[in-house]
Amino acid sequence: MASPASSAPRPGGGSAAESQTPTSPSSSARVACEVIAVSTSDEFLLELGAALGGQASVRPVDGIDAALEHLGDSRRAQLIAFDARGVTDARAGIERAHAKAPQVSVLAFVDVGAADAAATELKGSGVFAVVTMPMEPRKTMAVFEGALAAGAKRAARTSYAQKPLNPRSEEHTSELQS
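Residues numbered from 1 in each chain as written. Predicted model: local features only at pLDDT ≥ 70, side-chain atom pairs only at ≥ 80, totals over all residues. Heavy atoms only, no water.

### Observations concerning the packing of aromatic side chains
So, point 1. Taken as a whole and assessed by the stated rule, the structure comprises 2 aromatic pairs.
So, point 2. Relative to Phe-109, the ring of Phe-44 has its centre 5.2 Å away and its plane inclined at 75 degrees; by these criteria the two rings are edge-to-face. One end of the pair, Phe-44, is in helix α2 (residues 42-52); the other, Phe-109, is in strand β4 (residues 105-111), with 65 residues separating them in the sequence. Judged on exposure class, the residue Phe-44 and its partner Phe-109 are both buried.
So, point 3. By relative accessible area, which is 0% here, Phe-109 ends up buried.
So, point 4. Through successive ring pairs, a cluster of aromatic residues spans Phe-44, Phe-109 and Phe-144. (Phe/Tyr/Trp six-rings, centres within 6.5 Å; stacked < 30°, edge-to-face > 60°. Helix = DSSP H or I, 4+ residues; strand = E, 2+ residues; numbered from the N terminus. Buried < 20%, exposed > 50% of the residue type's maximum accessible area, 1.4 Å probe, protein only.)

### A short note on the side chain of Glu-34
So, point 1. If you trace the backbone, Glu-34 turns up in strand β1 (residues 33-38).
So, point 2. The exposure class assigned to Glu-34 is buried, which follows from its relative accessible area of 3%.
So, point 3. A polar side-chain atom of Glu-34 sits 2.7 Å from a polar atom in the side chain of Arg-59. (Polar contact = N/O pair within 3.5 Å; in protein donor to acceptor, adjacent residues only side chain to side chain.)

### Here we look at α2
So, point 1. Looking at α2, one finds that the buried residues are Asp-42, Phe-44, Leu-45, Leu-48, Gly-49, Ala-51 and Leu-52.
So, point 2. One or two residues past the end of α2 sits Gly-53, with phi positive at roughly 55 degrees.

### Things to note about the sheet that holds strand β3 (residues 77-83)
Remark on secondary structure: sheet strands pair via backbone hydrogen bonds, oriented parallel or antiparallel.
So, point 1. Ordered by their spatial adjacency, 5 strands build an open sheet running β2-β1-β3-β4-β5, and the pairing between neighbours is parallel. The open sheet has two edge strands, β2 (56-61) and β5 (129-133), and neither has a second partner. On average, adjacent strands in this sheet sit at an angle of 25 degrees to one another, irrespective of strand direction.
So, point 2. In this structure, β1 lies alongside β2, joined through 6 bridges in parallel fashion. Residue pairing in the sheet places Val-38 in a bridge with Val-61 of β2.
So, point 3. Sitting on the sheet, helix α5 (residues 115-122) touches β4 and β5, and the angle it makes with β5 is about 160 degrees. (Pairing = 2+ DSSP bridges. Axes fitted to C-alpha atoms, helices over the stretch in contact; angles between N-to-C directions. Contact = heavy atoms within 4.5 Å.)

### Let's talk about the pairing of β3
So, point 1. With 6 of its 7 residues buried, β3 lies for the most part within the structure.
So, point 2. Pairing of β1 with β3, which is carried by 6 bridges, proceeds in the parallel orientation. When the sheet's bridge partners are listed, Glu-34 is paired in β3 with Gln-78.
So, point 3. Here β3 pairs with β4 via 5 bridges, running parallel.

So, to be careful, I would describe these as geometric facts and stop short of saying anything about function.
See the structure below:
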């Protein structure tokens, strides 16, 4: 019998919840994205995994600094799920994540009673949405899909802006100089 995720050690910021993300019969063999879950709560990780239904891999980390280290080291789309419950300055962490990787959407998770105050506090911080706890799986999945689409759109704009307008022109110019 497997041990519960809450009693499993978390070497390197990971946990048993990372490898035990539930899969549903309708989920594909490959997951759509990587969710970097910033939380010290195993209950949050379990609830997040259940809400995502196997559509994403979850990489748990204990703080925003650890999340920042993982940004960009995946071939899949990335998203940050930030458990803002009990965090004194969630805005600063979200702004740092947004500054480092503006193409990565950040979702802030808060208790139902704190949703209005959190939305006001985080307005303009770069957070994609404030999601209430406990999670409603359908609503949570819809927010994740929207956040991924917005992140993909920002990444495409960033990628397009970094490419030369005519890549052949550089190749042609170097041939002429030879």
